[in-house]
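# Understanding the architecture of this molecule
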Amino acid sequence: MARRKNWEFAAKSVWGPLTEAAKSQQVIHYEKLAPHMGTTSRNVGLGLEPITRFCIDMELPHLTSIVVNKNTGKPGKGFYGFSLGSISEAQKRVFEFDWGNEINPFAGISQTESTDTLAKSLYVNPEKSQEVYYRLKARGSAQLVFRKLILKAYKNKCAICGLDIVEALEAAHIVPWPESTPQERISANNGILLCANHHRLFDSDHVKINSRYEIVCKKISTTSNYLSFDQASISKLSGQVIQLPARKNLWPDPILLDRRFHKNLKQ
Ligand SMILES: [Zn+2]
């Protein structure tokens, strides 16, 4: 049986040509990228998809918008990064951006390993997170692995409210990325799946989680500008226990929760 092509590996192979084209403010044709990917120009879009997703997730200009059809001068049909009307605007942002500081996000991906297979291996063996982190090299793919792992661990549900719309879910770090050790950066024990709303409330300490997995809400003073609606929607969570992964070895580490809770982070 033929192995399925690893499109992240294909993406890795065109990151260089794409950023070079961007630096020289040139569009690039599908035909030119196909040999780098070892595929036909029809399939180039599949290898561009991980880059498009990466740029959206990292809020970077849409690098793949500069890949166009030789005849039409436009991106192919499968391209979803933006509406067709704003291509020239998207390309302008790509040309103006300094790509020199961006590491190839798929640098650590091999032909046989993708962010999917690495997330699955960390789901089974969470203690290997440091080893996988070092293998990945680039923050982009490390964050992709972390997101996939946390989504899987929490079965695509916000640990606070149970929202299960994948597009609105985010893998939150307990101890933030810059203060995390290599072991903690992509460890399930340093993550919680939260919806975008609860992630913001968690990051701003309006909603905290203690080492017993209970939600503790910030008391809002009655003289503040908060509406009673805010007060009610936040404080009703107080005392509830978050939804935890079925596998206990994927639960947040109480020590890390405690560190976060008391803001006793390494600076
Ligand atoms: Zn939520």
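Here goes a summary of the coordinates provided. No experiment lies behind these values; they were computed from the predicted model shown. (Residues numbered from 1 in each chain as written. Predicted model: local features only at pLDDT ≥ 70, side-chain atom pairs only at ≥ 80, totals over all residues.)

### Some points on the overall build of the chain
- Looking only at helices and strands, the chain features eleven helices and six strands.
- Considering the chain as a whole, with its 267 residues, one finds that 37% of them fall into the buried category. (Helix = DSSP H or I, 4+ residues; strand = E, 2+ residues; numbered from the N terminus. Buried ≥ 20, exposed ≤ 12 C-beta atoms within 10 Å, placed from the backbone.)

### Structural notes on the pairing of strand 4 (residues 191-195)
- Counted residue by residue, strand 4 has five buried out of five residues, so it is predominantly covered.
- Of the two faces of strand 4, the one lined by Gly 191, Leu 193 and Cys 195 and the one lined by Ile 192 and Leu 194 are each fully buried.

### Examining the environment of Asn 249
- As for its position among the elements, Asn 249 is in the loop between helix 10 (228-235) and helix 11 (254-261).
- C-beta crowding within 10 Å serves as the criterion here: with 13 such atoms nearby, Asn 249 is assigned to the partly exposed category.
- In this structure the C-alpha to C-alpha distance between Asn 249 and Ala 153, which are 96 residues apart in sequence, comes to 10.0 Å.

### Considering the nonpolar core
- Judged by nonpolar contacts, the single largest core of 37 residues is most densely connected at Val 145, Leu 149, Leu 193 and Leu 194.
- Secondary-structure elements contributing two or more residues to this core are helix 5 (115-124), helix 6 (129-136), helix 7 (139-153), strand 3 (169-173), strand 4, helix 9 (196-203), strand 5 (207-209) and helix 11.
- No other element matches helix 7, which puts seven residues into this core.
- Apart from residues lying up to four places away in sequence, Leu 149 is in contact with Ala 119, Leu 122, Tyr 123, Ile 186 and Ala 188.
- Listed in part, the 24 residues of the second largest apolar core include Ala 21, Ile 66, Val 67 and Phe 106. (Core = buried A, V, L, I, M, F, W, Y, C linked by C-beta atoms within 7 Å. Contact = placed C-beta atoms within 7 Å.)

### Remarks on the packing of helix 1 (residues 7-23) against helix 3 (residues 44-57)
- Between helix 1 and helix 3, whose axes approach to 8 Å, the crossing angle comes to 80 degrees. Comparing the axis directions of helix 1 and helix 3 gives the class roughly perpendicular. In contact with Trp 7, Glu 8, Ala 10, Ala 11, Val 14 and Trp 15 of helix 1, helix 3 contributes Leu 46, Gly 47, Leu 48, Glu 49, Pro 50 and Ile 51.
- Here the contact of helix 1 with helix 3 is built from residues that sort into nine nonpolar, one polar and two charged. (Axes fitted to C-alpha atoms, helices over the stretch in contact; angles between N-to-C directions. Parallel < 35°, antiparallel > 145°, perpendicular 65-115°, else oblique. Nonpolar A, V, L, I, M, F, W, Y, C, P; charged D, E, K, R; others polar.)

### Digging into helix 4 (residues 87-96)
- Within helix 4, the full set of buried residues consists of Ile 87, Ala 90, Gln 91 and Val 94. Along the long axis of helix 4, the arc covered by the buried residues comes to 100 degrees, so they all point the same way. For helix 4, exposure combined with an orientation more than 90 degrees from the buried face picks out Ser 88, Glu 89 and Glu 96.
- Residues of helix 4 that are buried in the fold lie against helix 1. (Arc of directions from axis to C-beta.)

### Concerning the pairing of strand 3
- Of all five residues in strand 3, five are buried; the element is thus mostly enclosed.
- Across the two faces of strand 3 the burial is the same, with Leu 169, Ala 171 and His 173 and Glu 170 and Ala 172 all buried.
- Of the strand pairs in this sheet, strand 3 and strand 4 are connected by five bridges, and their pairing is antiparallel. From the neighbouring strand, Ala 172 faces strand 4, where its bridge partner is Ile 192. (Pairing = 2+ DSSP bridges.)

### A word on unusual backbone geometry
- Located in the positive-phi region is Asp 205, a residue other than glycine, with phi close to 65 degrees.
- A residue is classified by how many C-beta atoms lie within 10 Å of it, and Asp 205, with 13 of them, is partly exposed.
- Phi at Tyr 213 is positive, roughly 70 degrees, even though this residue is not glycine.
- Relative to the elements of secondary structure, Tyr 213 occurs in the loop between strand 5 and strand 6 (215-217).
- Judged by the 17 C-beta atoms lying within 10 Å of it, Tyr 213 is partly exposed.

### Comments concerning helix 6
- If you check which residues of helix 6 are buried, you get Ser 129, Val 132, Tyr 133 and Leu 136. Along the axis of helix 6, the buried residues cluster in a sector spanning 105 degrees; they form a single face.
- The inward-facing, buried residues of helix 6 contact helix 5, helix 7 and helix 8 (182-185).
- In the segment just after helix 6, Lys 137 is the residue with positive phi, at about 65 degrees.

### Examining the packing of helix 1 against helix 2 (residues 30-37)
- Axis separation between helix 1 and helix 2 bottoms out at 8 Å; the angle between their running directions is 130 degrees. Viewed along their axes, helix 1 and helix 2 adopt a mutual orientation that is oblique. In terms of crossing hand, the pair formed by helix 1 and helix 2 is right-handed. Contact residues: Ala 10, Ser 13, Val 14 and Pro 17 in helix 1; Leu 33, His 36 and Met 37 in helix 2.
- Considering only residue class, the contact of helix 1 with helix 2 consists of five nonpolar, two polar and no charged. (Left-handed = near helix turned anticlockwise from the far one by under 90°.)

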